[in-house]
Amino acid sequence: VKDRYDDLLALAQQHAEDQLAVESVRALFARQQRKEIIDALHSDNPETATATMTALATAADGRAVPLLRELALDEDEPLEQRRSAVKALGAIRQGAVNLAELAEGGQYDPALKDALAATLHTVQWKDIKEKAATLFPLPATKDAEPLPSVEELATRQGNVANGRIVFNTTGTCA
């Protein structure tokens, strides 16, 4: 079995968003194969590194937090890889707590601010989202009213003509 750990990691990478990744990652950690995972995270091949981060995020295993944190804070790594590591940390409860602590202490590279803010604002845990709102306040809306929830927006009826005007004039998504 020892000579098949690389195959197990490859399986996790190929099925990074599936249950197979969860089981593969857990098996690798259970068999103390951190080095295999670390090597993949620091791979020169960005697809390999990204697939590994996605598999770790899908598994949401707390044992991945130190590995992802190290990658996110390593200024010698490509910025895109570091942003992906921040995003993967946000999928793990302890990783999200860790990101919030980094943000509170200002202990992050300014180049990661947008990724950090976006990740903390979109995590599934309410307490961390509340912390994100104080650390990285969202910009005010045009009339200083809070935006409706996604659920409320989804139930509203739109007007194509008005939408076209907003999109082509005052909207900032174009």
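I will try to describe carefully the structure that is included in this document. Values in this document were obtained by computation on a predicted structure and should not be read as measured data.

This paragraph deals with the pattern of salt bridges. Scanning the model with the defined rule gives 9 salt bridges in all. Between Glu 80 and Arg 83 there is a salt bridge; the shortest N-O distance is 3.5 Å. Separated by 3 residues within a single helix, Glu 80 and Arg 83 lie in helix 6 (residues 79-89), roughly one turn from each other. A relative accessible area of 32% places Arg 83 in the partly exposed class. The shortest N-O distance in the salt bridge between Glu 104 and Lys 131 comes to 3.9 Å.

Right, let's talk about the nonpolar core for a bit. With 44 residues, the main nonpolar core has Ile 37, Leu 41, Met 53, Leu 56, Leu 68 and Leu 120 as its most contacted residues. The element best represented in this core is helix 4 (residues 46-59), accounting for 6 residues. The contact partners of Ile 37, leaving out residues within four places of it in the chain, are Leu 9, Leu 28, Phe 29, Thr 52, Leu 56 and Leu 67.

Further remarks concern the environment of Gly 106. Inspection of the secondary structure puts Gly 106 in the loop between helix 7 (93-105) and helix 8 (113-122). Sequence separation of Gly 106 and Gly 95 is 11 residues, and the distance between their C-alpha atoms is 16 Å.

This paragraph deals with unusual backbone geometry. Phi at Gln 32 takes a positive value of approximately 55 degrees, unusual for a residue other than glycine. For Gln 32, the location among the structural elements is in the loop between helix 2 (19-30) and helix 3 (34-41). Positive phi values are uncommon outside glycine, yet Ala 60 reaches one of about 50 degrees.

Attention shifts here to the environment of Glu 47. Structurally, Glu 47 is set in helix 4. For the pair Glu 47 and Gln 13, spaced 34 residues apart in the sequence, the C-alpha separation amounts to 9.2 Å.

This part is about the side chain of Asn 98. Looking at the secondary structure, you find Asn 98 in helix 7. Not counting the four nearest positions on each side in its chain, Asn 98 is found in contact with Val 65 and Arg 69.

For helix 2, spanning 12 residues, the distance from its first C-alpha to its last is 16 Å, which sits close to the expected 16 Å at 1.5 Å a residue. Those residues of helix 2 that fall on the buried side of the exposure criterion are Ala 21, Val 22, Ser 24, Val 25, Ala 27, Leu 28 and Phe 29. For helix 2, the elements touching its buried residues are helix 1 (5-14), helix 3, helix 4 and helix 5 (65-73). Gln 32 sits one or two residues past helix 2 and shows a positive phi near 55 degrees.

Our focus in this paragraph is the packing of helix 8 against helix 9 (residues 126-135). Contact geometry of helix 8 with helix 9 gives a least axis separation of 7 Å together with a crossing angle of 140 degrees. The pairing of helix 8 with helix 9 is recorded here as oblique in orientation. The handedness of the crossing between helix 8 and helix 9 comes out as left-handed. The segment helix 8 lies against helix 9, with Leu 120, His 121 and Thr 122 engaging Ile 128, Lys 129, Ala 132 and Ala 133. Split into classes, the residues belonging to the contact of helix 8 with helix 9 amount to 4 nonpolar, 2 polar and 1 charged.

What counts as what
Residues numbered from 1 in each chain as written. Predicted model: local features only at pLDDT ≥ 70, side-chain atom pairs only at ≥ 80, totals over all residues. Heavy atoms only, no water. Salt bridge = Lys/Arg side-chain N within 4 Å of Asp/Glu carboxyl O. Helix = DSSP H or I, 4+ residues; strand = E, 2+ residues; numbered from the N terminus. Buried < 20%, exposed > 50% of the residue type's maximum accessible area, 1.4 Å probe, protein only. Core = buried A, V, L, I, M, F, W, Y, C linked by side-chain atoms within 4.5 Å. Contact = heavy atoms within 4.5 Å. Expected span 1.5 Å × (residues − 1). Axes fitted to C-alpha atoms, helices over the stretch in contact; angles between N-to-C directions. Parallel < 35°, antiparallel > 145°, perpendicular 65-115°, else oblique. Left-handed = near helix turned anticlockwise from the far one by under 90°. Nonpolar A, V, L, I, M, F, W, Y, C, P; charged D, E, K, R; others polar.

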